[in-house]
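Below are the chains, spelled out letter by letter.
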Amino acid sequence: MLNRQAGGISTDYYPKSMECAGLSFALTYHFEPGSPRDGVTAQVPLLLLNQLNPVRCEWLVPGMLKDKALLLLKSLAQKLRRHCVPVPQFAEQFTQAHLDPALWNKPLLERLQTYIVDNTPARPALSDFRVETLPPHLFMNFKLVDEHARQLDMQRSLPALKAEWGQ
């Protein structure tokens, strides 16, 4: 249970649920680096699996956005990244400008790329971000459950879940 103001951490930054396509999905948090459960997990009822938008899920929750933006910026080649220094402050500015989930209707990388282009002379391509270097906890974990809330599957790949269970 998360205290509403535990050490600067609030339910505004780590909500108990995520809205997507007018539906609410319960969220849980687990801090155990290296564990498959590390990070944020969305509980997804099987009947609602195909309603879950992968673009919304890229953004995680407000409290994890700065870390994800920071590591995405650090994944850029030095010739691009040097325009975003100091990188931690640049990531914080991006995060503050994008805390409203209403802005999370476009892919995170597109928004970050646009923010860089609008605020620096750098012109990164989407392929310049090395997403594969991000640690697993910076990707949403999905716990697929049946109508009795029994776990059917759990993984970080929404397309794989939809391919296997979407029928």
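What counts, and at which threshold
Residues numbered from 1 in each chain as written. Predicted model: local features only at pLDDT ≥ 70, side-chain atom pairs only at ≥ 80, totals over all residues. Heavy atoms only, no water. Buried < 20%, exposed > 50% of the residue type's maximum accessible area, 1.4 Å probe, protein only. Helix = DSSP H or I, 4+ residues; strand = E, 2+ residues; numbered from the N terminus. Pairing = 2+ DSSP bridges. Axes fitted to C-alpha atoms, helices over the stretch in contact; angles between N-to-C directions. Contact = heavy atoms within 4.5 Å. Expected span 1.5 Å × (residues − 1). Parallel < 35°, antiparallel > 145°, perpendicular 65-115°, else oblique. Left-handed = near helix turned anticlockwise from the far one by under 90°. Nonpolar A, V, L, I, M, F, W, Y, C, P; charged D, E, K, R; others polar.

Caption draft 1: Main features of the pairing of strand 6 (residues 141-145). Of all five residues making up strand 6, four are buried, and the element is well covered by its neighbours. Bridge count between strand 6 and strand 7 (residues 151-155): four bridges; the pairing is antiparallel. From the neighbouring strand, Val145 faces strand 7, where its bridge partner is Gln151. The antiparallel hairpin formed by strand 6 and strand 7 contains five residues in its connecting segment, where Ala149 sits at a positive phi of about 65°.

Caption draft 2: Broad picture of the sheet that holds strand 7. Spatial ordering of the open sheet is given by 3-4-5-6-7, a layout of five strands whose pairing is mixed. Across the chains shown, the open sheet's two edge strands, defined by having one partner strand only, are strand 3 (17-20) and strand 7. Strand-to-strand, the axes of this sheet are offset by a mean angle of 30°, without reference to chain direction. Pairing analysis gives five bridges linking strand 5 (residues 39-45) to strand 6, with the strands arranged parallel. Paired with Val44 across the two strands is Leu144, which belongs to strand 6. Those strands touched by helix 6 (residues 158-165) are strand 6 and strand 7, and its axis lies near 145° from that of strand 7.

Caption draft 3: Representation of helix 5 (residues 108-119) in the model. With 12 residues, helix 5 should reach 16 Å at 1.5 Å per residue; the first-to-last C-alpha distance of 16 Å fits that figure. The elements touched by buried residues of helix 5 are helix 1 (54-58), helix 2 (62-74) and helix 4 (87-97).

Caption draft 4: Layout of the packing of helix 2 against helix 5. Two elements in contact, helix 2 and helix 5, have axes separated by 11 Å at closest approach and are oriented at 65°. On the basis of their axis angle, the class for helix 2 and helix 5 is roughly perpendicular. Here helix 2 runs over helix 5; the crossing is right-handed. Contact with helix 2, carried on its side by Leu65, Lys68, Ala69, Leu72 and Leu73, involves Leu108, Leu109, Leu112 and Ile116 of helix 5 and no other residues of that element. The class makeup of the residues in the contact of helix 2 with helix 5 is eight nonpolar, no polar and one charged.

Caption draft 5: Focus on the environment of Glu110. Among the structural elements, Glu110 can be located in helix 5. C-alpha separation for the pair Glu110 and Asp38, spaced 72 residues apart in sequence, amounts to 26 Å.

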